[in-house]
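Residues per chain are reported as follows:
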Amino acid sequence: MKSWWRRQPPSADVAANDALPPMGAERALRRLEWTVIRRLDGLLQGDYRTLMRGTGLDLADLREYQHHDDVRHIDWNVTARLQVPHVRVFTEDREMAAWFVLDLSRSVDFGSGLRAKREISAGFVGVLARLLTRHGNRVGALVYGNDLEAVIPPRSGRRHVLHLLHSMERRAAALRPGRGMTRLADLLQSAAMLMPRRSTVFVVSDFLSEPGWETPLGLLAQRHEVVAVRLYDPLELELPDLGLVPLTDAETGEQLWVDTHDAGFRKRFARLAAEREATLRAALARAGVDALELSTADDLVESIVRFADMRKRRVRAGSAANLKAVAA
């Protein structure tokens, strides 16, 4: 499904400078720290590991399995020999890196309300990057606009988060319209080649792309812990009755007029949107990645907390299932 809804062009000031000033990133991050991160500190209770899990490579010890242990660390050979579940204990790797694979193509400019998908993307990246770097982790990014346009190596610190946000602003302002559909597969293949060590990877996109991205995503998930952060707007799922309106494809520039007053057309649009939703979710599940859906109408804090709770419940459910399998 194409992204047909037209968004107002950037202001003359932004167009003249070809990029937002660095102070724009500073103000945005400061606002996120006061309005989002402060709330998350209390709601997550410091448990940022639900958002980024990982271990080092050095085996430190073996011990009996305990409730809430990560089932991926069960040593099945020792468990079979001793008839009691045992887990490997690793020396924590404080060099664990997180990467943001960022789709900043034209389709993420759309937003039917006060915020566009691009603003939701920047807010999510700013919050997660700041939370992770505060705990000593490093964050990097691959930025896709008309093509893979920037690779930001992983580093830590608030200044690096500002650099990342400013790079997103600059690439957004430099985008050229009418360059064709997004090639998300190319971005994911580049990510696989540019990330030599196991990392946590957040693929932030609306997944409005040419087909063929499912296989590269699955291959990326075989080596890394991948989270698909899917951006969407409610208007992409269901059309209101607005009468005859012009729609423009944000990525190809193609334009057409549609009669949204036609109830049959609105029903067909909703049916196709629902089919695309089901296909997308099935593709993400087959790739073996966790999915976080971010709507332009949702509260960012509630979405992140809901996602952290989901991952925590999944670990607990997996632990219980594996214990039953061992007992059997």
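This structure is a prediction, so every number in the text was calculated from the model and none was measured.

Draft legend 1. Seen up close, unusual backbone geometry. With a phi close to 65 degrees, Gln 83 is a non-glycine residue in the positive phi region. Here the phi dihedral of Phe 207 falls at roughly 60 degrees; this positive angle occurs in a residue that is not glycine. Turning to its location among the elements, Phe 207 is positioned in the loop between β6 (200-205) and α7 (214-223). Its relative accessible area of 4% is what places Phe 207 among the buried residues.

Draft legend 2. Just α7, in detail. Taken as a whole, α7 has its buried residues at Pro 216, Leu 217, Gly 218, Leu 220 and Ala 221. On its buried face, α7 is in contact with α6 (184-194), β6, β7 (225-232) and α8 (263-287).

Draft legend 3. Here's a closer look at the packing of aromatic side chains. For the structure shown, the criterion picks out 4 aromatic pairs. Centroid distance Phe 124 to Phe 202: 5.9 Å. Interplanar angle 70 degrees. Geometry classified as edge-to-face. With Phe 124 in helix α4 (residues 117-134) and Phe 202 in strand β6, this residue pair connects regions lying 78 residues apart in the sequence. Classification of Phe 124 by relative accessible area gives buried; the value is 2%. You can call Phe 202 buried: its relative accessible area is 1%. Through pairs of rings, three or more aromatic residues link up here, namely Phe 100, Phe 124 and Phe 202.

Draft legend 4. Highlighting the sheet that holds strand β3 (residues 97-103). What the 6 strands build is an open sheet, ordered β5-β4-β3-β6-β7-β10; its pairing is mixed. The open sheet terminates on both sides in strands that have one partner only, identified here as β5 (148-155) and β10 (290-295). Here the average twist between neighbouring strands, direction ignored, is 15 degrees. In this structure, strand β4 (residues 138-144) lies alongside β5, joined through 5 bridges in antiparallel fashion. The partner of Val 143 across the bridge, within β5, is Ala 150. The strands touched by α4 are β3, β4, β5, β6, β7 and β10; relative to β3, the strand with the most contacts, the crossing angle is about 175 degrees. The strands touched by α8 are β7 and β10; relative to β7, the strand with the most contacts, the crossing angle is about 165 degrees.

Draft legend 5. Representation of the environment of Arg 88. Along the polypeptide, Arg 88 turns up in strand β2 (residues 86-90). Each C-alpha atom of the pair Arg 88 and Arg 72 lies 9.1 Å from the other, and the pair is 16 residues apart in sequence.

Draft legend 6. Region of the structure containing the packing of α6 against α7. Interhelical geometry of α6 versus α7 gives an angle of 20 degrees and a closest axis separation of 8 Å. Here α6 lies roughly parallel to α7, going by the angle between them. Viewed along their axes, α6 and α7 form a crossing whose handedness is left-handed. Of the residues in α7, those touching α6 at Ala 185, Leu 188, Gln 189, Ala 191 and Ala 192 are Pro 216, Leu 217 and Leu 220. When its residues are assigned to classes, the contact of α6 with α7 shows 7 nonpolar, 1 polar and no charged.

Draft legend 7. Inspection of the pattern of salt bridges at higher detail. Taken as a whole and judged by the stated rule, the model has 12 salt bridges. Across the pair Arg 118 and Asp 109 runs a salt bridge, and its minimum N-O distance is 2.6 Å. Its relative accessible area of 13% is what places Arg 118 among the buried residues. Judged by its relative accessible area of 18%, Asp 109 falls in the buried class. A salt bridge links Glu 275 to Arg 271, with the shortest nitrogen-to-oxygen separation between them at 3.5 Å. Residue Glu 275 and its partner Arg 271 are both found in helix α8; the two are separated by 4 residues, about one turn of the helix. When its relative accessible area of 43% is taken as the criterion, Arg 271 is described as partly exposed.

Criteria and cut-off values
Counting restarts for each chain, with residues numbered from 1 along the sequence as it is written. Given that the model is predicted, a residue must reach a pLDDT of at least 70 before its local features are reported, and side-chain atom pairs must reach 80 or more before they are shown or counted; all residues, however, enter totals for whole chains, interfaces and linings. Note that the side-chain values use all heavy atoms of the structure and ignore hydrogens as well as water. Numbering of helices and strands runs from the N terminus, with a helix taken as a DSSP run of H or I at least four residues long and a strand as a DSSP run of E at least two residues long. Here the term buried applies to any residue with accessible area under 20% of the maximum for its type, exposed to any over 50%, and partly exposed to those in between, with areas from a 1.4 Å probe on protein chains only. Whether two residues touch is decided by their heavy atoms; if any such pair falls within 4.5 Å, the residues are in contact. Each aromatic pair joins two rings of Phe, Tyr and Trp (for Trp, the six-membered one) with centres within 6.5 Å, and gets the label stacked for planes under 30 degrees apart, edge-to-face for over 60, and tilted for any other angle. The rule for pairing is simple: two strands pair if DSSP sees at least two bridges between them. For helices, the fitted line uses only the C-alpha atoms of the stretch in contact; every axis is such a line through C-alpha atoms, and the angle between N-to-C directions lies from 0 to 180 degrees. To sort the angles, those under 35 degrees are grouped as roughly parallel, those over 145 as roughly antiparallel, those from 65 to 115 as roughly perpendicular, and the leftovers as oblique. By definition, any crossing whose near helix is turned counterclockwise from its far helix by less than a right angle is left-handed, and any crossing with a clockwise turn is right-handed. When residues are sorted by character, Ala, Val, Leu, Ile, Met, Phe, Trp, Tyr, Cys and Pro go into the nonpolar class, Asp, Glu, Lys and Arg into the charged class, and all the rest, Gly among them, into the polar class. Definition used for salt bridges: Asp or Glu carboxyl oxygen within 4 Å of a side-chain nitrogen of Lys or Arg.

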